[in-house]
Amino acid sequence: MWSAGCMEQWMPTAAMVTTNVVIAIMTALIKQALNQGMNRLVLITFRQMVATVFLGPIAYFKERKMRPKFTTEIFMYMFLSGILGPVLLQYTLFVGLDYTTATFAATFSNMLPVVTFLISLAFRFEALEVRSMSGSAKISGTLISLGGAMMLTFYKGSALTHTTSSISPAASSSGHGQAGGQHGTVRWVLGSVSMLANVVGFALWLLLQRKFTKKYPAVYSATAFMSLFSFIQAGALTLSIQRSTIAAWALRGTVEIVTVVYCGVVASGMGYLLLTYCVEKRGPVFTAAFSPLSQIFVAGIDLFILHEPLYLGSVLGSVLVIVGLYLVLWGKKEEAASKTVALAKPVQAEIEQQDKV
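Just so we're clear, the structure is a prediction, and the values are computed from it rather than from any experiment.

What counts and how
Residues numbered from 1 in each chain as written. Predicted model: local features only at pLDDT ≥ 70, side-chain atom pairs only at ≥ 80, totals over all residues. Heavy atoms only, no water. Helix = DSSP H or I, 4+ residues; strand = E, 2+ residues; numbered from the N terminus. Buried < 20%, exposed > 50% of the residue type's maximum accessible area, 1.4 Å probe, protein only. Contact = heavy atoms within 4.5 Å. Areas by Shrake-Rupley, 256 points an atom, 1.4 Å probe, with all protein chains shown as cover. Core = buried A, V, L, I, M, F, W, Y, C linked by side-chain atoms within 4.5 Å. 1 Å grid on protein atoms, 1.4 Å probe; cavity = no way out; pocket = protein on both sides within 12 Å on 5 of 7 lines; lining within 4 Å. Points joined across faces, edges and corners; volume = space filled by probe spheres on them. Nonpolar A, V, L, I, M, F, W, Y, C, P; charged D, E, K, R; others polar.

J.: Could you clarify how one ought to interpret the overall build of the protein chain in this entry?
T.: Broken down by element type, the protein chain carries 13 helices and zero strands. When the helices and strands of the protein chain are listed from N to C terminus, the series reads α-α-α-α-α-α-α-α-α-α-α-α-α. Looking at the protein chain as a whole, 43% of its 357 residues are labelled buried. Within the protein chain, contacts between residues separated by at least 24 positions form 89% of all contacts whose residues are at least 6 apart in sequence. With the model as given, the accessible surface of the protein chain reaches about 18800 Å², and the carbon-plus-sulfur share is 69%.

Take a look at the structure:
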């Protein structure tokens, strides 16, 4: 039997593996729902509605004695968090999934720590010592990851596995085949740009949350309110665009219903709680280090269940992005360790001085 200490040590690891499985299944379900023609804004609206219903009672009972006062400033933070996070970020993710593959989208998501580091550097939230090993690692990792992103965007390469919509050689030589190929390239680039916007937006949203959580530390309530605001925002936007097509609101088939319920309850609800637990126990560096796992799980689902093709450019770009990611994370870890040692030296010197006296 495992001891309590052993369980405590391995629980964050198990939680992060579970979280990445949740993200992989969510990505595959959304890809299937979009392929069946489900409206992106309708999916966001229903997902946030389910998340609000799920998180609302938990937040009410868990934090009713510690919930801060609801002020105009808090309202603005929640409003911005809702429209930047669940609405815009999910929409750009869905466009990226629609125009590329689930594996490609998961690969691009691995750039989040690198992009967050660059934005933090620009706003001077992050320091960079160029001559140190940690600084060199962060610079090298950033450049390698950006190179991987460029390769993912502009070099698709040949299909390494079976394809579901390959163009025959005869068709390729015809004008129609060339037009189809050009159209596919344009869609791929648009999907790449959308995923890049998703990652940059996510990084900005994380920086917004950094300030928001200090002013409103009730995490469950903040998430529930953000889900409510994003539900209202996405619903209003959908109604303004789809007001004449009531059929767009109808959930057709098992895949769409399962996608809405799973994304709302499991991904937005349980997945967020697991991430919060891991950040609290082991910190953001530990949590970010597991992000490539979701790509591996998504690739497995993509290949064996969705039967999506795997391209050479995706493989090479993925390797570069992951190598760059771990260089940045290693640099951040070494930098944190150096700061800890530097802070401990004066304390140790003071103790030694007292011992001499």
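J.: How should the nonpolar core be read in this particular structure?
T.: Grouped burial of nonpolar side chains is what soluble globular proteins tend to show. The biggest cluster of nonpolar side chains holds 46 residues, and the ones touching the most others in it are Ile 30, Phe 94, Leu 97, Phe 108 and Met 111. The leading source of residues in this core is helix H1 (residues 4-35), at eight residues. Ignoring sequence-local partners within four residues, the contact set of Leu 97 consists of Thr 27, Ile 30, Lys 31, Leu 34, Ala 102 and Ala 105. In terms of nonpolar packing, the next biggest core, distinct from the first, is built from nine residues, Tyr 77, Phe 212, Ala 218 and Phe 229 among them.

J.: How should I be thinking about empty space enclosed by the protein in this particular structure?
T.: Per the counting criterion, the structure on display carries one cavity of 30 Å³ or more. When its volume is computed, the largest cavity comes out at roughly 70 Å³. Lining the largest cavity are Trp 205, Gln 209, Phe 212, Thr 213, Val 219, Ala 222, Thr 223, Met 226 and Tyr 272. Listed by contribution, the elements that provide at least two residues to the lining of the largest cavity are helix H8 (175-215) and helix H9 (219-242). Tallied by class, the residues present in the lining of the largest cavity amount to six nonpolar, three polar and no charged.

Everything listed is a geometric property; what it means functionally is a separate question.
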